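Architecture at a glance
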Amino acid sequence: MILDTLENFDKYVALHPLFPKVADYLHSHNLSAHEPGKEIIEGKDLFVNYSITKGKTKDAARIETHNEMIDIQIPLSCAETMGFTPRRNLSESDYDTVKDISFYDGPAEKYIKVCPGEFVIFFPQDGHAPCIADTEEIQKVIFKIKA
């Protein structure tokens with residue numbers, strides 16, 4: 001897991017061959033002005049989801065992992081708390097191959113606050129519980145990158 005400010009994203013482009021395309025996208029798009037929906041950047045290997053989702057309590061937020069994709073999550077409208085548990089510390093769980101997701105019960109080991117202007121990268125080894133906020137709606141952007 002990586003947490004940093006958007007102004008520093010360029011420092012991470014060497015971590016994955018598609019991260020430079022994410023950086024180019026960040027430099028050329030106004031994320032806050034985009035309508036909700038999915039935008040394809042590089043076929044099934046790189047796309048972005050603009051979403052408006054409901055804020056959850058820590059108890060309601062479920063830990064999830066992805067086998068095939070890396071998430072880059074960027075809150076736009078408000079600060080969002082995200083739970084984090086390394087995958088190695090999670091018990092076995094069913095895997096949905098179509099949606100590339102496994103869910104886990106129980107609280108996360110740690111919680112981080114991610115503010116507008118920041119991003120968090122979750123790799124397949126990172127269990128994460130997003131969308132924890134005291135607000136009814138969270139506007140956010142999630143880049144999905146083939147791991």
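Everything that follows concerns the structure shown earlier in this document.
Notes on the structure in this doc start here.

Analysis parameters
- Residues numbered from 1 in each chain as written.
- Predicted model: local features only at pLDDT ≥ 70, side-chain atom pairs only at ≥ 80, totals over all residues.
- Heavy atoms only, no water.
- Pairing = 2+ DSSP bridges.
- Helix = DSSP H or I, 4+ residues; strand = E, 2+ residues; numbered from the N terminus.
- Axes fitted to C-alpha atoms, helices over the stretch in contact; angles between N-to-C directions.
- Salt bridge = Lys/Arg side-chain N within 4 Å of Asp/Glu carboxyl O.
- Buried < 20%, exposed > 50% of the residue type's maximum accessible area, 1.4 Å probe, protein only.

1. With respect to the sheet that holds strand S5 (residues 69–75)
Whether parallel or antiparallel, the strands of a sheet pair through hydrogen bonds between backbone atoms. Read from one edge of the open sheet, six strands run S1-S10-S5-S12-S3-S2, paired in antiparallel fashion. The sheet is open, and its two borders are formed by strand S1 (2–5) and strand S2 (37–42), each paired with just one other strand. Averaged over all neighbouring strand pairs, the angle between strand axes comes to 20°, with direction disregarded. In this structure, S2 lies alongside strand S3 (residues 46–54), joined through five bridges in antiparallel fashion.

2. Notes on the pattern of salt bridges
Summed over the entire model, instances satisfying the criterion amount to five salt bridges. Lys-146 serves as the salt-bridge partner of Glu-68, at 2.8 Å between the closest nitrogen and oxygen. In this pair, Glu-68 is assigned in the loop between strand S4 (63–65) and S5 and Lys-146 in strand S12 (residues 137–146), connecting sequence segments 78 residues apart. In this structure, Asp-71 engages Lys-144 in a salt bridge whose closest nitrogen and oxygen atoms are separated by 2.5 Å. Of the two residues, Asp-71 sits in strand S5 while Lys-144 sits in strand S12, which places them 73 residues apart along the sequence. Judged on exposure class, the residue Asp-71 and its partner Lys-144 are both buried.

Read these as geometric descriptors, not functional statements.
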